[in-house]
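Residue-level listing of the chains:
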Amino acid sequence: MSVTAPVAPPNTPNYNDPQIVAEQIKTKYPDAVESSSAQGIVVQSDQLREVARYLHDELAFDYLNNVTSVDWQDRFEVVYNLTSLERGGAPITLKVNAARENPSVPSLVPVFRGADFQEREVYDLMGIRFEGHPNLRRILLWDGFEGYPLRKDYKEPYYEEEKKPFGSRWDKGHHVIAEDRNPWHDNVQYPSNFDAVAYKPPRDQIQVIDAAQAAAMRLRTDKIVLNFGPQHPSTHGVLRLRVTLEGETVRGVEPIVGYLHRNHDKIGERNTFVGNMPYTDRLDYFTSMANNLAYALTVEKLLGIKPPERAEYIRVIMAELTRWQNHAVALGFIYNDLGAFYTPLIYAMEERELILDLFEATAGSRMMCNYMRFGGVARDVTDDFIAKCKYLVNERLPRRTDELEAYMVGNEIFHSRAKNIGVLPRDLAINYSTAGPVLRASGVKYDIRRAEPYSIYDRFDFEIPTGTTGDLYDRFIVRVAEMRESLKILKQALDQFPAGEIMTGKKNYQVRVPKGEAYGRGENPKGELGFYVVSDGTANPYRYHVRGPSFINLTALNDMCVGYKIADMIVILGSLDIVMGEVDR
């Protein structure tokens, strides 16, 4: 059965059309809109927050997908992508300009809490201030870092040229690595007056609770600030949690990120469009195939091309195999955090290895697949691949899904540790811009494969599992249910699998992308993975930005943890299923 997105009733305004939305804004705020086009709506900076509130409250754009910025020659531009979860469809783009000297725009955190970390990232890397932000400071770089790396005039250590391929490596190939051409101590840039000996990092501030909260506490204890990580097995990578405790009760959690940061966006702007594909593997390294797909979809929007039928089916098969193995391993890691060390995880890992065997047989790599291409895929699958995939999808993986559910979901200790723990209510899940199983576990029936169908997902019959409470238990069982839905999609795709070509046009090591901009996205296992790309007509992106679901889902961690115990906090973090490569980029 073919399933398509819901059709709007007749005579209903198409609020996914930026021109119509711009006219609606003008009726409320006549002077707010500077211009509007298919590329987005540009609004006056001093009315940005009022316009955003109007879009949220009256036009039902209740979800902030993405916040990023662009450095143009004459100005900075802040870009927002907004969606109505009820209507679905493509996000609209809202823009606001900022002066080159002391750039500043109003913060949208009072409207969308999901803007919190994203605005801090823009401030950190582009130097645009957000007036009214509750905690505006660097987030990926250390406080003493000099400069703003995403500005076009920023030159990193070992800088060679603006764009690849670098002249030192092409075309004669007699390259001397940068480390051999520069003294070792010049690989970091410090502020002009920086004294490493005298420098003292700012002291952590204890979060203050109000008098009513303190009076309700029967046991009088001192507040303490405790650091979890960044070298700690419970933080799922180099993540530091600065936790304020009252006894063993959590009173505040602040995620401190950036320890793995390498400025993926800047690297993406140095690379060619094609050269960025293997870098997407290294975002969430559990979901390489799905990362490739989301990036390919974005650039294909600008190129105006579609892959052949066979390539579309291969893409869906790879993406859904990725979803199944990601969720299976996530369940094992959650049980690790509960204290059931490694046994459930190893059972899940065994199945994952079989899926990685298929990836290796096709892409040549198990994790860093570098498999998708603009207009198709790099290599065709064999008959042996199809036979082994059918065995897994029809026989082995359904049995393993049943076993994992029986042993893990039915466990009474798990029930006591997971139910009504880490509750994220529906309204907060939306306002914090959470995505994927975290959003759906809070009762929001939103999946990009349905809301804005991409590839050939509109041909398949599958459900969107949701929770009711938004607790740790719901986040667990939603993933189990999604594993079953992935198998359902895989069975249909394998039954319908066509013959034919795997690439539109010929393979190119380099492609010139027409001028324009696009926000493309895919429903990755951890949520919405988005790419905002601006092309100036060359082979290299003018602007390249990644919207990572792991990074944005962390924004809600404090609200999910306050009032619970330390041991609960560890499992709540695990239920977000973050990967630090995607958080820090």
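Quick caveat: nothing in here was measured; it's all calculated off a predicted structure. (Residues numbered from 1 in each chain as written. Predicted model: local features only at pLDDT ≥ 70, side-chain atom pairs only at ≥ 80, totals over all residues. Heavy atoms only, no water.)

**Observations regarding the overall build of the protein chain**
- Across its full length, the protein chain carries 20 helices and 15 strands.
- By principal-axis analysis of the C-alpha atoms, the protein chain measures approximately 65 × 65 × 65 Å.
- Across the 585 residues of the protein chain, 57% fall into the buried class.
- Taking contacts inside the protein chain between residues at least 6 apart in sequence as the whole, the part at least 24 apart equals 68%.
- Total accessible area on the protein chain is roughly 24600 Å²; 51% of this is exposed by carbon and sulfur atoms.
- Each charge class in the protein chain can be summarised by its mean position, and for the 70 positive and 80 negative side chains these summaries are 1 Å apart. (Helix = DSSP H or I, 4+ residues; strand = E, 2+ residues; numbered from the N terminus. Buried < 20%, exposed > 50% of the residue type's maximum accessible area, 1.4 Å probe, protein only. Contact = heavy atoms within 4.5 Å. Areas by Shrake-Rupley, 256 points an atom, 1.4 Å probe, with all protein chains shown as cover. Lys, Arg positive; Asp, Glu negative; His and termini not counted. Charge placed at Lys NZ, Arg CZ, Asp CG, Glu CD.)

**Observations regarding the nonpolar core**
- Membership of the largest hydrophobic core comes to 160 residues, with the highest contact counts inside it found for L55, Y80, Y371 and L554.
- Per-element accounting of this core gives the leading share, 13 residues, to helix α9 (residues 309-338).
- For this core, the domains that each give at least three residues are domain 1 (18-131) and domain 3 (264-584).
- Membership of the second largest hydrophobic core comes to six residues, among which are V70, Y519, V534 and Y542. (Core = buried A, V, L, I, M, F, W, Y, C linked by side-chain atoms within 4.5 Å. Domains from an automatic or database assignment.)

**Topic: the domain arrangement of the protein chain**
- In terms of domains, the protein chain is made up of domain 1 (18-131), domain 2 (154-188) and domain 3 (264-584).
- With centres defined by C-alpha atoms, the gap from domain 2 to domain 3 works out at 35 Å.
- With nine residues of domain 2 at the interface, the matching set in domain 3 holds eleven residues.
- In total, about 720 Å² of surface goes out of reach between domain 2 and domain 3, with carbon and sulfur atoms giving 38% of it.
- Counting the surface domain 2 buries against domain 3, the share from its top three residues, E162, K163 and K164, is 64%.
- There are three salt bridges connecting domain 2 and domain 3.
- R270 is the partner of E162 in a salt bridge, and the nearest nitrogen-oxygen pair spans 3.1 Å. (Buried area = accessible area lost by both parts, 1.4 Å probe. Salt bridge = Lys/Arg side-chain N within 4 Å of Asp/Glu carboxyl O.)

**Let's talk about the packing of α9 against helix α11 (residues 383-409)**
- Between α9 and α11, whose axes approach to 12 Å, the crossing angle comes to 25°. Taken together, the axes of α9 and α11 lie roughly parallel to each other. In this structure, α9 crosses over α11, and the sense of that crossing is left-handed. In this structure, α9 contributes I317, M318, L321, W324, A328, L331, G332 and Y335 to the contact, and α11 contributes F385, C389, L397, R400, T401, L404, Y407 and M408. (Axes fitted to C-alpha atoms, helices over the stretch in contact; angles between N-to-C directions. Parallel < 35°, antiparallel > 145°, perpendicular 65-115°, else oblique. Left-handed = near helix turned anticlockwise from the far one by under 90°.)

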